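# Coordinate inspection notes
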Amino acid sequence: MRVMIAALVGSLGLLAGQASAGDLAQHYARMTPALERSEWVMNDPSRIVDVADGQIVAVTGRQPVRGYRCGLEIWKRADALAPWRPHECVLAEKPAWFDEELIESDGVLTGPDFIDADTLVYSGFDGEFGDYSCVGLARRIDGVWTDSGKPLSCVQTWLRKFLATAISPSVLTTADGDMYLYAGGGLVHGVALDPETLRPIPDQWVSLETRAGPWSALARGFGHRMHHHWAQSAFVHEHEGLYYLFLNWGVCCRGVRSTYEIRVGRSDHPLGPFRDQFGRDMVIGAGKIVLARSRQRIGPGQPSLRVTPDGRTVMAYHYYDPARGGLPWLGEVEIGWEEGWPVPGDVLR
């Protein structure tokens, strides 16, 4: 753990952990120059959740230039057919614990996932990409998004040589009420959560001993031995008594040159092992393809699934839009099930 002189950090922690800049559209208008609609992006979207007057989704914040200061963004729509609009700027001041764990972070928070409409997990990292990354937790308390005050897990610098990070977290709540946290780019890993505290059981960070300890190694990208390609953005969906691990393979963040695609494996336990249609373990780089690049939607990634009130399964994801110069946006596709495996159907958005 990185430790700095913490007296000042402690005195400022409450303010830093509770900061929120409010209306996101107004925040865009105050930027210099103002952020135009043509520059809108929805990058690394969370699951979509219902609220009283519509639906919301959380996305990764932007780089702090032109006066931008949002850690995460929340977007909103009136219903599933309405357009997305910028809604809320969240955690504008980076959480106080960053000054101990993520010293070089510029305050941009990434890869969020809603546990419910008032609770979310997110990741942060040092530098441009980061050799050190952590998963954080925030709640909306009395209308203000408040960080929990310490990370749920961090991956230390020396683990990077094994392609282990603590980014792009998501949380599964099973039909029985059990909860699990998934995270990681490179090596995807998971752990059981305490439903009361929302902290790992036991409360310790991920380590390399993932097969023996509380954390389980779940998946890597394709490759062999220690030379696996990138995998990221794990999301587990429960369907008819089985658990389906969706994640990305490939390279993101390069616009129309991005190579992301979405793969899946399944298991009878939330912590795996997850296997593809041929019985191959995802931890050695297996995975059944669900959604690949198309001419209009390049590099689909960051999957999440929800079941609509009429019983349909819908997968949300981001993609890079060639019609907008490769900027990321949110897509949705209906998912069907054939012989126990998810297959894409109608494109909804």
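Residues numbered from 1 in each chain as written. Predicted model: local features only at pLDDT ≥ 70, side-chain atom pairs only at ≥ 80, totals over all residues. Heavy atoms only, no water.

This brings us to the overall build of the chain. When helices and strands are counted, the chain shows 3 helices and 24 strands. Looking at the chain residue by residue over its 349 residues, the buried ones come to 57%. If you take every contact in the chain between residues at least 6 apart in sequence, the share linking residues at least 24 apart comes to 55%. Carbon and sulfur atoms provide 53% of the accessible area of the chain, an area that totals close to 15,100 Å². (Helix = DSSP H or I, 4+ residues; strand = E, 2+ residues; numbered from the N terminus. Buried < 20%, exposed > 50% of the residue type's maximum accessible area, 1.4 Å probe, protein only. Contact = heavy atoms within 4.5 Å. Areas by Shrake-Rupley, 256 points an atom, 1.4 Å probe, with all protein chains shown as cover.)

Bringing the sheet that holds strand β13 (residues 188-193) into the picture now. Where strands meet in a sheet, backbone hydrogen bonds hold them as pairs that are either parallel or antiparallel. Taking strand neighbours across the sheet as the criterion, the 4 strands line up as β11-β12-β13-β14 in an open arrangement whose pairing is antiparallel. Two strands close off the open sheet at either side, each with one partner strand: β11 (170-173) and β14 (216-219). Sheet twist, expressed as the mean angle between neighbouring strand axes with direction ignored, is 30°. With 5 bridges connecting them, strand β12 (residues 179-183) and β13 associate as antiparallel partners. Pairing of Leu-181 across the sheet is with Val-191, part of β13. (Pairing = 2+ DSSP bridges. Axes fitted to C-alpha atoms, helices over the stretch in contact; angles between N-to-C directions.)

Here we take up the environment of Val-290. Within the secondary structure, Val-290 is located in strand β20 (residues 288-291). Residues Val-290 and Pro-344, spaced 54 residues apart in sequence, show a C-alpha to C-alpha distance of 6.7 Å.

Inspection of every chain in the model, using the stated rule, returns 13 salt bridges. A salt bridge links Lys-76 to Asp-53; the nearest nitrogen and oxygen atoms lie 2.6 Å apart. Of the two residues, Lys-76 sits in strand β4 (residues 72-77) while Asp-53 sits in the loop between β2 (49-51) and β3 (54-60), which places them 23 residues apart along the sequence. Note that Arg-306 and Glu-332 form a salt bridge whose closest N and O atoms lie 3.0 Å from each other. Note that Arg-306 is positioned in strand β21 (residues 298-307) and Glu-332 in strand β23 (residues 327-338), a separation of 26 residues in sequence. We note that Arg-306, like Glu-332, is buried. Beyond isolated ion pairs, a larger network of salt bridges with shared partners links Arg-77, Arg-306 and Glu-332. (Salt bridge = Lys/Arg side-chain N within 4 Å of Asp/Glu carboxyl O.)

This paragraph deals with the confidence of the model for the chain. For the chain, per-residue confidence averages 87 on the pLDDT scale, and 87% of positions sit at 70 or higher. Of all the helices and strands in the chain, helix α1 (residues 7-18) carries the lowest mean pLDDT, 32, while β11 carries the highest, 98. Contacts of residues 1-20 to residues separated by more than four positions or lying in other chains number 37 contacts, the stretch itself having pLDDT below 50. (pLDDT = per-residue confidence, 0-100.)

All right, on to the nonpolar core then. Core analysis: the biggest nonpolar cluster contains 32 residues, and Tyr-28, Met-42, Trp-75, Phe-246 and Met-315 have the highest contact counts within it. Elements with a contribution of two residues or more to this core: α2 (24-30), β3, β18 (242-249), β19 (261-267), β20, β22 (313-321) and β23. Each residue touching Met-315, except ones within four places of it in the same chain, is listed here: Phe-246, Ile-262, Val-290, Leu-291, Pro-303, Ser-304, Leu-305, Gly-331, Glu-332, Val-333 and Ile-335. Grouped together as the second largest cluster of nonpolar side chains are 21 residues, Ile-56, Trp-97, Phe-114 and Cys-154 included. (Core = buried A, V, L, I, M, F, W, Y, C linked by side-chain atoms within 4.5 Å.)

Here strand β17 (residues 231-239) lies mainly inside the structure; 8 of its 9 residues are buried. Alignment of β17 against β18, held across 7 bridges, turns out to be antiparallel. The residue of β18 that forms the bridge with Ala-231 is Trp-249. The turn joining β17 and β18, which pair antiparallel and follow one another in sequence, is formed by 2 residues; a positive phi near 50° is taken by Glu-240.

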